[in-house]
4 protein chains.
Amino acid sequence: MSSYWGKNLKLTIFGESHSRGIGGVIDDLPAGISVDEAAIKEMLARRATGISKIATARKEPDIPEILSGVFNGKTTGTPLAFVIYNSDQHSSDYDNIASTARPAHADYTGFVRYGGYNDYRGGGHFSGRLTAPITFAGALANSWLESKGIYVAARIKSICGIEDEDKNIEQLSADEVRELKAKPFPTISDGQGQKMFDCAMEAKNDLDSVGGVIECTIINLPPGLGDPIFGAFESRLSELLFAVPAVKGVEFGAGFDIADMTGSEANDEFYMEGENIRTKTNYNGGVNGGITNGMPVTFRVAIKPTASISRPQNTVNFKTNTDAELVIKGRHDACITLRAVPVIESCAALCAMDFLLGGKKIDE
Amino acid sequence: MSSYWGKNLKLTIFGESHSRGIGGVIDDLPAGISVDEAAIKEMLARRATGISKIATARKEPDIPEILSGVFNGKTTGTPLAFVIYNSDQHSSDYDNIASTARPAHADYTGFVRYGGYNDYRGGGHFSGRLTAPITFAGALANSWLESKGIYVAARIKSICGIEDEDKNIEQLSADEVRELKAKPFPTISDGQGQKMFDCAMEAKNDLDSVGGVIECTIINLPPGLGDPIFGAFESRLSELLFAVPAVKGVEFGAGFDIADMTGSEANDEFYMEGENIRTKTNYNGGVNGGITNGMPVTFRVAIKPTASISRPQNTVNFKTNTDAELVIKGRHDACITLRAVPVIESCAALCAMDFLLGGKKIDE
Amino acid sequence: MSSYWGKNLKLTIFGESHSRGIGGVIDDLPAGISVDEAAIKEMLARRATGISKIATARKEPDIPEILSGVFNGKTTGTPLAFVIYNSDQHSSDYDNIASTARPAHADYTGFVRYGGYNDYRGGGHFSGRLTAPITFAGALANSWLESKGIYVAARIKSICGIEDEDKNIEQLSADEVRELKAKPFPTISDGQGQKMFDCAMEAKNDLDSVGGVIECTIINLPPGLGDPIFGAFESRLSELLFAVPAVKGVEFGAGFDIADMTGSEANDEFYMEGENIRTKTNYNGGVNGGITNGMPVTFRVAIKPTASISRPQNTVNFKTNTDAELVIKGRHDACITLRAVPVIESCAALCAMDFLLGGKKIDE
Amino acid sequence: MSSYWGKNLKLTIFGESHSRGIGGVIDDLPAGISVDEAAIKEMLARRATGISKIATARKEPDIPEILSGVFNGKTTGTPLAFVIYNSDQHSSDYDNIASTARPAHADYTGFVRYGGYNDYRGGGHFSGRLTAPITFAGALANSWLESKGIYVAARIKSICGIEDEDKNIEQLSADEVRELKAKPFPTISDGQGQKMFDCAMEAKNDLDSVGGVIECTIINLPPGLGDPIFGAFESRLSELLFAVPAVKGVEFGAGFDIADMTGSEANDEFYMEGENIRTKTNYNGGVNGGITNGMPVTFRVAIKPTASISRPQNTVNFKTNTDAELVIKGRHDACITLRAVPVIESCAALCAMDFLLGGKKIDE
């Protein structure tokens, strides 16, 4: 039912595109965690509007204000609430979507789910803006992980079928991870990235949009994280990832490719690397039986093309139950994949932090 | 943390491969639901051992006993507990895996997670046997859905890269769904199914194993099911699917293929079909903004090849931290995909039932 | 762990006495509920500072701002977040309690629980101010209940051992409930109320404080609310009541007196009152087996005397682990019981609303 | 909704008086806890039928069988499921209560709540028998606490208004606690206990029943246990206590008496006892601001007289909605207070263990 996620920490997010603000409450954070507001703003900036020509040109400053739970720069252990106020929007622009469903958007489904009481303006609670609170929390988690030597990195793996160079993201050093995050277009190969960008620009000029695949890895996670059955690492992380609008697929390790492999190929054999247990390959994505095995936890998500496009589209008016045509006005993201990268990193960071906070449940 | 799933109903499962029994508790079921024990046994039979030459020849009768929560053939509304007793196993066979990690299994990760206290025999709580309680609950949910005209169907979409005929599973009639479920090898094209079976047999003879892709759909779900953000239909269902051992990827609608489409292609346009709102295509898999739109909810899962193979494998002894070699004895599933079909259906049925039980949260 | 309560609705509250603000998120509210901001402000005013000579003279305006979840005056069905900004306080006044424990306060226990990272100023998250968000949510619940003909009423039952007239609060009409709520000192007998007030004033002049007992009832609740065992109506309500600072006892119906009765006295016999099933007496407080029986749900809470008193007190410095003496400066509530009345009503209203939202879980 | 309790451990219980069995699942137990089956049986024996002339003479052997989660005498870390099979009962005896409400029982409320589908035989899920699974879990928690030097002790404080000697139960040594638990009638003064017993016997002979007050304390709990606001130690414990049938009141420390005290009396002043912080008095029952302060956590519960009495009673037939008369056949507990003692201890032990398992949530 509720808009919350987590077991050992708990994230609730709230807000609508045109409400007074959007934000969240992070509960059960340990006391004493450093809250690096600069790092949070930096991560939020990576998902901000206006960061690229393939992103929307709307202006959403997204400056968070912490309402509680932080004292002298550290968490107090009591709920950390934060808000990002919405700036004044022209709500009148949205009158048509109160009854005319934008294809692949939640206008119709939200109308049914909430009996017409939902705030339809700008997509309301379904707006991509709601990923900002997730990113706030993810940034906090990410800083905490980094202080423990754990790194989350993501790249755009493909757009328009154009693949990034197949350098293994799992093997990036901490410095290389930082470098990747600093890129305006986070691919390992800048050349391939340029081609992807060009394809997205082409779609934009064509009043269309494109999707993409994001690959993400969590490096240096200790083995032993994950809970039995329904609390599998993959279960908990996928739950979070599918909450991100536009995600339509999630796969770990070799993912769908593993379905065509044989056991003798896919079984990642263990070996000793000095005193550490490692696997030679990582087709299982760092997770065996729902529990981390000490290898990087690597996964990919499929991002669908931005649903908002400027072309005229056929649809229905769900109040009159009649066919309709629609042109969505405004400035759209030609490719949301770019701005989704820090959101996917945030999901990974939150999930890793949640499991780490669970601690060892072994009686001693 | 815990082994439970669900919001409007709640499923807890328990058991180890060699404990006294495995089972579950289903909580918050409405009172008055018919409990069709024959239908439950039928669904359990579809995941039973020995059903095919590509399944393990072990004998696990899997006869459930209901301990509570059913009175006069109907649910009482109080917790429904059930148990499947384990028959006597030769526990001594498992001494080696107490310290030697079977590749791609949870022996090592379970050892770390539980500090060595876990019951390693037969995989313990990580055993595929634990999908029997999920199937029990799924069968109950499935009967309930069918009584409301909602059908869950799954097929093997591919094994060894051999694809089932591309007839759209979403368009099967209720009778065709029943027919599909009754098949010993649930593909739409029996010819393609035979090829897949042959490939699995070949792997078996080769002391190896294969994986596969299962496609599943939920037909006739009403629009409006799904909760905001973290409670998205896809989030809740994927959480459950990734809890099934061997699942390494989950995708909805066009899934990973959608990443390469343009918005104008991927946006499922709405239209009126008589008095009903439908979409012309279903690339979004029946879900917009995390909420069902009335179209079939269709998804695919990637099943990895059975981790247990009879070939010798390199690995480590995680107690002595030394390299080791291992031959896994016993009778293995050459292809677990076949037996996973009713488990995946169960996940779909449970998720659909959970959301339906949530009812309309609209004040009237 | 977390600061939330509820099953069918979910209330999270946040804030510290001196943080930017205090507030809450109410999740899972049905869409379409009228949000009567005037009624909310009215209920908040009843717990405001400065309402009586026996309340603190501090000024806390407590004007809530709704951040999300309300559109056109009605709930959207997505999380309703609200904040009450804290006005500028003189934080320096609190340096002593950073290390010197005020007796019967949470300074020491909070220090241990949060490793010294908690915001000690003004009691931080333990401040009685945190009952304002509970009251906000309770006011919303109360309006909703009243729209369904259900009334929550509370009175001060005793202070200093002075008892209110023993008129049965369960038998008040809707008008009498309104009248009681409008009283500056909510007792049925104004004369007895005056005596209680005088006793509290005496304590104040004596640099001391007093406690009291509040009695509350929920009238017109339908039978059938309550869940099995751990979800008993009394369990869920008491969980909420003991969250209110200063509550040290909770009893339903005859409460502790029932321990001295015999079964033949205490068993509330059923009878038909026209077409309605009623009980002749209500020693069980409207609850049998954890489930409401249609009679008023009546309970009492023991409120301890305000812990902040102006007299010098012996205590310890928990940083140096030495004995210490303390004089608590500032303006205290001589008797918090008065301001606690709307908070207790809020708990009752929230609990009743939560159960009512659960609906009938009967399959039909 | 659901029949579960706990945050850091999770207890689900199931069963009806006449179902195949009753039992529970304890989830999230740390791996490696010793499971002392003898101690569990001993605690179950203390709540068994037939232990005293004032208890029912029915025979319920209550032998638990562990289904999962224990390996080599220790918890595995995965769900611990257990069952107590019901012996054959004469279900036909209960036909009358299918429609005629036993006063102060849940026959009518259960009928409404579950739409008539509940298993009414022997009270079904509302039967006092369901406290056996709570006791199983409590016994396990109690052994674990004792291994850490923490003791839970309870005594009958009063029956028929006859009070046990006012020796402070908080000051019992570990040996004295053991001695108290071994008594057939757990009062500190055997003389007062005899008087209570006599009064209960008198009620029995009079075809009536009596209630009582149980006092319980948890000795040697460390300070710092409790979560903010809704997670207060008192909230969580009271939630559990009110789940026990017959409990109608819960109070901590001085409880309802504190309402009549002044702040200067009730504020437990801190002082140094060697290196330990203690309070001179313990009117707050070991809890300040919802968090333990290192003093014994002491509370009392009011137990109502057994609802089942042999006298004829007036009531209604809730199927025909007519007045009725009822004589409850069978052998009843003249005073359930005695058998409730280990159940109340179990609640205290479970709550203490749950909080202790939460560990320190402080970042280090």
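Turning our attention to helix 5 (residues 190-205) of chain D. Residues and elements named next belong to chain D. Between its first and last C-alpha, helix 5 extends 22 Å over 16 residues, near the 22 Å set by a 1.5 Å rise per residue. Looking only at helix 5, the buried set comprises Gln192, Gly193, Met196, Cys199, Ala200, Met201 and Ala203. Lining the buried residues of helix 5 we find strand 8 (151-159) and strand 9 (162-163). Phi turns positive one or two residues past the end of helix 5, at leucine 207, with a value near 55 degrees.

How big an interface is tends to be reported as the loss of accessible area on association of its parts. In this complex, chain B contributes 105 residues to the contact, which on the side of chain A involves 105 residues. Remark: the boundary between chain B and chain A carries four salt bridges. Summed over the shared surface of chain B and chain A, the result is 44 residue pairs in polar contact (both at pLDDT 80 or more). Tallied by class, the residues present in the side of chain B that touches chain A amount to 50 nonpolar, 35 polar and 20 charged. Of the pairings in the sheet, the one linking strand 11 (residues 247-252) of chain A to strand 11 (residues 247-252) of chain B comprises three bridges and is antiparallel in character. Within strand 11 of chain B, the residue paired with Val250(A) across the bridge is Val250(B).

Spatially, the five strands line up as an open sheet ordered 1-2-3-7-4 (chain C), and their pairing is antiparallel. Across the chains shown, the open sheet's two edge strands, defined by having one partner strand only, are strand 1 (4-5) and strand 4 (64-68) of chain C.

The subject of this paragraph is the sheet that holds strand 16 (residues 297-303) of chain C. The antiparallel open sheet is built from ten strands, whose spatial order is 9(C)-8(C)-10(C)-16(C)-11(C)-11(D)-16(D)-10(D)-8(D)-9(D). Edge strands, defined here as strands with exactly one partner in the open sheet, are strand 9 (162-163) of chain C together with strand 9 of chain D. The pairing of strand 8 of chain D with strand 9 of chain D spans two bridges and is classified as antiparallel. Looking at strand 9 of chain D, one finds that Ile159(D) is bridged to Ile162(D). Lying over the sheet, helix 8 (residues 337-358) of chain C contacts strand 8 (151-159), strand 10 (212-219), strand 11 (247-252) and strand 16 of chain C, oriented at roughly 30 degrees with respect to strand 10 of chain C. Its contacts with the sheet put helix 8 (residues 337-358) of chain D on strand 8, strand 10 (212-219), strand 11 (247-252) and strand 16 (297-303) of chain D, and the angle it makes with strand 10 of chain D is roughly 30 degrees.

Here we come to the state of the cysteines. Counted according to the given criterion, the structure contains four disulfides over all chains. The disulfide bridge from Cys160(A) ends at Cys199(A), spanning 1.9 Å between sulfur atoms. Every disulfide takes its handedness from the sign of the S-S torsion; for Cys160(A) and Cys199(A) that torsion is -90 degrees, giving left-handed. Taken together, the positions of Cys160(A) in the loop between strand 8 (151-159) and strand 9 (162-163) and Cys199(A) in helix 5 (residues 190-205) put the pair 39 residues apart, joining distant regions of the chain. For the unlinked cysteine Cys347(A), the closest cysteine sulfur is that of Cys216(A), found at 8.7 Å. Cys160(B) provides the cysteine sulfur closest to Cys335(B), a residue in no disulfide bond, and the two sulfurs are 7.4 Å apart.

For the rest of this paragraph, the subject is the interface of chain C and chain D. Listed by partner, the interface residues are 105 residues for chain C and 105 residues for chain D. Here Lys248(D) and Glu234(C) are joined by a salt bridge, their closest N and O atoms 2.8 Å apart. Summed over the shared surface of chain C and chain D, the number is 44 residue pairs in polar contact (both at pLDDT 80 or more). Across the side of chain C that touches chain D, the residue classes break down as 50 nonpolar, 35 polar and 20 charged.

With an RMSD of 0.0 Å, the fit of chain B onto chain A corresponds to turning through 180 degrees and sliding 0.0 Å along the axis. Such a combination of rotation and displacement between the chain copies is what one expects of a two-fold axis. In this assembly the copies share their binding face: 100% of the residues contributing to the interface of chain B also contribute to that of chain A.

Let us look at helix 3 (residues 131-146) of chain B. For helix 3 of chain B, with 16 residues, the first-to-last C-alpha span of 22 Å sits near the 22 Å given by 1.5 Å per residue. When you tally the buried positions in helix 3 of chain B, you get 14 out of 16 residues, the bulk of the element.

This part covers the pattern of salt bridges. Taken as a whole, this structure holds 108 salt bridges over all chains when the rule is applied. One salt bridge in this structure joins Asp164(C) and Arg155(C), with 2.7 Å as the shortest N-O distance. Judged by relative accessible area, which is 1%, Arg155(C) ranks as buried. Through salt bridges with shared partners, a single network forms among Arg47(A), Arg58(A), Glu60(A), Asp62(A) and Arg129(A).

For the rest of this paragraph, the subject is the pairing of strand 4 (residues 64-68) of chain A. Residue and element names in this part refer to chain A. Among the five residues of strand 4, four are classified as buried, and the element is accordingly described as predominantly covered. Where strand 4 and strand 7 (residues 80-85) come together, four bridges link them in antiparallel fashion. In the sheet register, serine 68 faces strand 7, and the bridge partner there is alanine 81.

On to the side chain of Thr337(A). All names here are of chain A. In this fold, threonine 337 is placed in helix 8 (residues 337-358). Since its relative accessible area comes to 0%, threonine 337 is described here as buried. Sequence-distant contacts of threonine 337, that is, excluding residues within four places in its chain, are made with Ile156, Ile159, Gly211, Gly212, Val213, Ile214 and Ile303.

Residues at a pLDDT of 70 or more form 98% of chain A, whose mean pLDDT is 95. Confidence metrics for the complex model read pTM 0.97 and ipTM 0.97.

The rules behind each value
Residues numbered from 1 in each chain as written. Chains lettered and ligands numbered in written order. Predicted model: local features only at pLDDT ≥ 70, side-chain atom pairs only at ≥ 80, totals over all residues. Heavy atoms only, no water. Helix = DSSP H or I, 4+ residues; strand = E, 2+ residues; numbered from the N terminus. Expected span 1.5 Å × (residues − 1). Buried < 20%, exposed > 50% of the residue type's maximum accessible area, 1.4 Å probe, protein only. Contact = heavy atoms within 4.5 Å. Salt bridge = Lys/Arg side-chain N within 4 Å of Asp/Glu carboxyl O. Polar contact = N/O pair within 3.5 Å; in protein donor to acceptor, adjacent residues only side chain to side chain. Nonpolar A, V, L, I, M, F, W, Y, C, P; charged D, E, K, R; others polar. Pairing = 2+ DSSP bridges. Axes fitted to C-alpha atoms, helices over the stretch in contact; angles between N-to-C directions. Disulfide = S-S within 2.5 Å. Least-squares fit on C-alpha atoms with pLDDT ≥ 70 in both. pLDDT = per-residue confidence, 0-100.

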